[in-house]
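Here's the letter readout for the chains.
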Amino acid sequence: MKQFASLFYTMQTVKYDKLADIVCDLITEENMALVCAIVNQKGGVGKTTTTVNLAAYLATRGKRVLLFDLDPQGNATSGLGIEKDKVELSSYDIIIDGVSLADCLQETSVRNLKVCPSNINLAGAEVELASMDNRENRLKSAFEAYSEAYDFLLIDCPPSLGLLTLNALIAADTVLVPIQAEYYALEGVSQLMETVNTVKNGLNPELDIFGVLITMFDGRTQLANQVEHEVRKYFGDKVFKTVIPRNVRLSEAPSYGQSILEYDKRSKGAEAYHKLSREVIARERKYNKK
Ligand SMILES: Nc1ncnc2c1ncn2[C@@H]1O[C@H](COP(=O)(O)OP(=O)(O)O)[C@@H](O)[C@H]1O
Ligand SMILES: [Mg+2]
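Described in the following lines is the structure provided in the data block. Given the structure is predicted, the values throughout are model-derived calculations rather than measurements.

## Re the overall build of the protein chain
Reasoning step 1: Regarding its fold elements, the protein chain presents 13 helices and seven strands.
Reasoning step 2: Split into buried and exposed, the 290 residues of the protein chain put 42% on the buried side.
Reasoning step 3: Considering only contacts within the protein chain whose residues lie at least 6 apart along the sequence, 79% involve residues at least 24 apart.

Written as structure tokens, this is what we have:
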């Protein structure tokens, strides 16, 4: 009897989940276009994992998604199966030489998802930018000149608050901040918020925090639960309901050049990013109405 009850419960959850998906897709407006920078100056907090997998799930929901790799490490590029060392035109060429975004975009194995790749060339860009005209606005200009339609443009930022990240904050409508549920989770966050506010009070008054995402959460530890509590206290309803669990499949997928959707869509990590994509679309809709 207990087993039946549990089976029925699972069927119900699956059904409502599917229903929620369908409703969510139906109510999503056609003409939205959101530029979202995935930012946290700390390395290893889940920026790239979030950018790649969120992008993949948004794309499979029919959204036209561009992923802009703004990190010289090019992990989002290789994580989507593109050999970064063989890339001819990359984000470096856009930012430094004014090459058009359309010329750099590459198709991926996920339908509706294109990527602007990056590689180690970008490592020199911070220094080169420093002496250039209009150095903070180069990415914004590139996006403005792009005439194809898209729904989401996600920027995978490097782990610093230098000129590259500044370009992202000026080109973006919103910011998504992944926070790792670990020791010192909130360390550096106030500095990040100060930077966002400085940009908002100056060069990009429209900039907004789209959401804060708790990543690599291990619910068995007291620490992770404490961190979640702290993050929710600090950011309130900006924090996504979806929490990304620590899941080894998520860390394996990039070495196969695949998003979690292709690598193991039944894993806990895949489920979480799938759920996140639904929350992002729902939030986007509200955001567009503002
Ligand atoms: N939820 C997760 N569970 C397990 N490993 C993860 C998870 N998210 C990210 N990782 C792994 O942690 C490391 C850092 O993640 P990454 O997304 O590259 O962070 P960042 O882009 O902020 O530097 C990578 O090896 C990645 O595969
Ligand atoms: Mg990264």
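## Points about the site of ligand 1
Reasoning step 1: The local shell around ligand 1 holds 18 residues, among which Gly-46, Lys-47, Thr-48, Thr-49 and Ser-251 are the closest.
Reasoning step 2: Secondary-structure elements contributing two or more residues to the shell around ligand 1 are helix H2 (47-60) and helix H11 (248-252).
Reasoning step 3: Counting residues per element, the shell around ligand 1 draws most heavily on H2, which supplies three residues.

## Some words on the environment of Asp-208
Reasoning step 1: Tracing the backbone through its elements, the reader meets Asp-208 in strand E7 (residues 208-215).
Reasoning step 2: Exposure remark for Asp-208: the 17 C-beta atoms within 10 Å place this residue in the partly exposed category.
Reasoning step 3: Between the C-alpha atoms of Asp-208 and Ala-172, which are 36 residues apart in sequence, the distance is 8.8 Å.
Reasoning step 4: When neighbours within four sequence positions are excluded, Asp-208 is seen to be in contact with Asp-173 and Thr-174.

## Considering the pairing of strand E2 (residues 65-69)
A regular strand places its side chains so that they alternate between the two faces of the sheet.
Reasoning step 1: Buried residues dominate E2, accounting for five of its five residues.
Reasoning step 2: Burial along E2 is two-sided: Val-65, Leu-67 and Asp-69 and Leu-66 and Phe-68, pointing in opposite directions, are all buried.

## Observations regarding unusual backbone geometry
Reasoning step 1: Phi at Asn-112 takes a positive value of approximately 75 degrees, unusual for a residue other than glycine.
Reasoning step 2: Judged by C-beta crowding, with 20 C-beta atoms within 10 Å, Asn-112 ranks as buried.

## Focus: the pairing of strand E5 (residues 152-156)
Reasoning step 1: Burial within E5 is extensive, with five of its five residues counted as buried.
Reasoning step 2: Strand direction decides the pairing type here: strand E1 (residues 34-38) and E5, joined by five bridges, are parallel. When the sheet's bridge partners are listed, Ile-38 is paired in E5 with Asp-156.
Reasoning step 3: Pairing analysis gives five bridges linking E2 to E5, with the strands arranged parallel. Bridging across to E5, Phe-68 finds its partner in Ile-155.

## What to know about the environment of Asn-53
Reasoning step 1: By secondary structure assignment, the location of Asn-53 is in helix H2.
Reasoning step 2: Taking the C-beta count within 10 Å as the criterion, Asn-53 has 26 such neighbours and is therefore assigned buried.
Reasoning step 3: Considering only alpha carbons, one finds Asn-53 and Leu-276, 223 residues apart in sequence, at a separation of 9.6 Å.
Reasoning step 4: If we ignore the near neighbours within four places in the chain, the residues touching Asn-53 are Ser-259, Ile-260 and Tyr-273.

## Observations concerning the nonpolar core
Side chains that are nonpolar tend, in soluble globular proteins, to be buried together.
Reasoning step 1: With 77 residues, the main nonpolar core has Ala-37, Ala-55, Leu-154, Ile-155 and Ala-168 as its most contacted residues.
Reasoning step 2: Among the elements that take part in this core, H2 stands out by supplying seven residues, more than any other.
Reasoning step 3: Not counting residues up to four positions away in its chain, the partners in contact with Ala-55 are Val-65, Leu-67, Leu-113 and Leu-154.

## A few points about the sheet that holds strand E4 (residues 113-116)
Reasoning step 1: Sheet architecture is open: seven strands sit in the order E3-E4-E2-E5-E1-E6-E7, paired in mixed fashion. Of all the strands in the sheet, just strand E3 (106-107) and E7 have a single pairing partner and so form its edges.
Reasoning step 2: One ladder, built from two bridges, connects E3 with E4; its direction is antiparallel. The partner of Gln-106 across the bridge, within E4, is Val-115.

Parameters and conventions
In this convention, every chain numbers its residues from 1, walking through the sequence in written order. Both sets of labels track the order of writing: A upward for chains, 1 upward for ligands. A pLDDT threshold of at least 70 governs which residues receive local features in this predicted model, and a stricter bar of 80 or more applies before side-chain atom pairs are shown or counted, although totals over entire chains, interfaces and linings include all residues. Helix and strand labels come from DSSP, where a helix needs a run of H or I of at least four residues and a strand needs a run of E of at least two; each type is numbered from the N terminus. Counting other C-beta atoms within 10 Å of a residue's own tells you its class, since 20 or more makes it buried, 12 or fewer makes it exposed, and anything in between is partly exposed; those C-beta atoms are placed from the backbone. Whether two residues are in contact is decided by their C-beta atoms, placed from the backbone, lying within 7 Å. Near, for a residue, is defined by distance from a backbone-placed C-beta atom to a molecule or strand, with 6 Å as the limit that must not be exceeded. Strands pair, by our definition, only if DSSP identifies at least two bridges between them. Working definition: the nonpolar core is a set of buried Ala, Val, Leu, Ile, Met, Phe, Trp, Tyr and Cys residues, joined through C-beta atoms within 7 Å.

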